[in-house]
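Understanding the architecture of this molecule
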Amino acid sequence: MVQKNYLDLLDELRAIAQLGLNYSKDPFELERYNKLLQLAANSYSEITGLSAAEIRGRFNQELGYITPKIGVNGVLFNNEGLLLLERRADDLLWGIPSGWVDVGEGPETALKREFMEEANLIIEPVEIIKFYTRLPGEFNQPHTSVHILYYCKYISGDLKKSHESLELSYIDPMAIKDWHKDHKRQALDAAWFLDKIK
């Protein structure tokens, strides 16, 4: 666990340095970003056994631009065909359990983490239903994001809401009027998917 946290920190450090070197024109900032990148290379060298110079060379080839944020959303139906939904504490609207993929984390791992954090449930992402794109300005967000909607299977756990939710329950999506962002569309796509696989 400690090593994973350390690697996650190094990955974030490397990403900040590479983006800074790609975009900054200020010589003092460039010096700082170069120092950050070298610190990351030195630390990766201790872990991998590769030389810091080789790692730094690879990093220098990967300088790039910021890509869209990746979000994961998961639909979980109970035996009656009702969908797990939460009334979110941040905007008071109803939505599907969801969250952002962290650096150093795959989408399915992120979704499992979100279900545990938000609903106290262990789930298994079974299949991707659809990808959704939100562009800057849509839903008042400043960035582009891509969201992966997964059909999920319940594994274990007792449903329990976190501080992120005001309510958490299995509900007929047609009964909900106030939706978080594009979650109504996702819920309807999920209901269609469920009918298709029955």
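Because the structure is predicted, anything quoted here is derived from the model rather than measured.

Notes on the layout of surface pockets
There is about 320 Å³ of room inside the second largest pocket. If you go around the second largest pocket, you meet 18 residues; those closest to its centre are Arg88, Asp90, Ser98, Gly99 and Trp100. Residue assignment for the lining of the second largest pocket shows that the elements contributing at least two residues are β1 (69-75), β2 (83-88), β4 (98-100) and α4 (107-119). Across the lining of the second largest pocket, the residue classes break down as 3 nonpolar, 7 polar and 8 charged.

Considerations on the nonpolar core
Counting 17 residues, the largest nonpolar core has Val75, Phe77, Leu85, Ile129 and Tyr151 as its most contacted members. Of all the secondary structure elements, the ones that give two or more residues to this core are β2, β5 (122-134), β6 (145-156) and α5 (183-197). Per-element tally for this core: the top contributor is α5, with 4 residues. For Leu85, the contacting residues outside a window of four places in its chain are Trp94, Gly95, Ile96, Glu167, Leu168, Ser169, Ile171, Pro173, Ile176 and Trp179.

Regarding the confidence of the model for the protein chain
Of all residues in the protein chain, 92% have pLDDT values of 70 or greater, and the mean over the chain is 90. Mean pLDDT in the protein chain bottoms out at helix α1 (residues 2-23), which sits at 79, and peaks at strand β3 (residues 94-95), which reaches 98.

Quick word on the packing of aromatic side chains
Counted according to the given criterion, the structure contains 1 aromatic pair. Ring geometry for Tyr151 versus Phe193: centroids 5.3 Å apart, planes at 50°, classification tilted. Note that Tyr151 is positioned in strand β6 and Phe193 in helix α5, a separation of 42 residues in sequence. Per residue, the accessibility class of Tyr151 equals that of Phe193, and both read buried. Between Arg134 and the ring centre of Phe139, over which it is positioned, the NZ or CZ distance is 5.8 Å.

Notes on the packing of helix α2 (residues 27-48) against helix α3 (residues 52-61)
Where α2 meets α3, the axes come as close as 8 Å, and the angle between the chain directions of the two elements is 130°. Put simply, α2 runs oblique to α3. Note that α2 runs across α3; the crossing there is right-handed. The residues of α3 that touch α2, namely those facing Asn34, Leu37, Gln38, Ala40, Ala41, Asn42, Tyr44, Ser45 and Thr48, are Ala52, Ile55, Arg56, Phe59 and Asn60. Looking at side-chain class alone, the contact of α2 with α3 contains 7 nonpolar, 6 polar and 1 charged residues.

Scoring rules and cut-offs
- Residues numbered from 1 in each chain as written.
- Predicted model: local features only at pLDDT ≥ 70, side-chain atom pairs only at ≥ 80, totals over all residues.
- Heavy atoms only, no water.
- 1 Å grid on protein atoms, 1.4 Å probe; cavity = no way out; pocket = protein on both sides within 12 Å on 5 of 7 lines; lining within 4 Å.
- Points joined across faces, edges and corners; volume = space filled by probe spheres on them.
- Helix = DSSP H or I, 4+ residues; strand = E, 2+ residues; numbered from the N terminus.
- Nonpolar A, V, L, I, M, F, W, Y, C, P; charged D, E, K, R; others polar.
- Core = buried A, V, L, I, M, F, W, Y, C linked by side-chain atoms within 4.5 Å.
- Buried < 20%, exposed > 50% of the residue type's maximum accessible area, 1.4 Å probe, protein only.
- Contact = heavy atoms within 4.5 Å.
- pLDDT = per-residue confidence, 0-100.
- Phe/Tyr/Trp six-rings, centres within 6.5 Å; stacked < 30°, edge-to-face > 60°.
- Lys NZ or Arg CZ within 6 Å of the ring centre and 35° of its normal.
- Axes fitted to C-alpha atoms, helices over the stretch in contact; angles between N-to-C directions.
- Parallel < 35°, antiparallel > 145°, perpendicular 65-115°, else oblique.
- Left-handed = near helix turned anticlockwise from the far one by under 90°.

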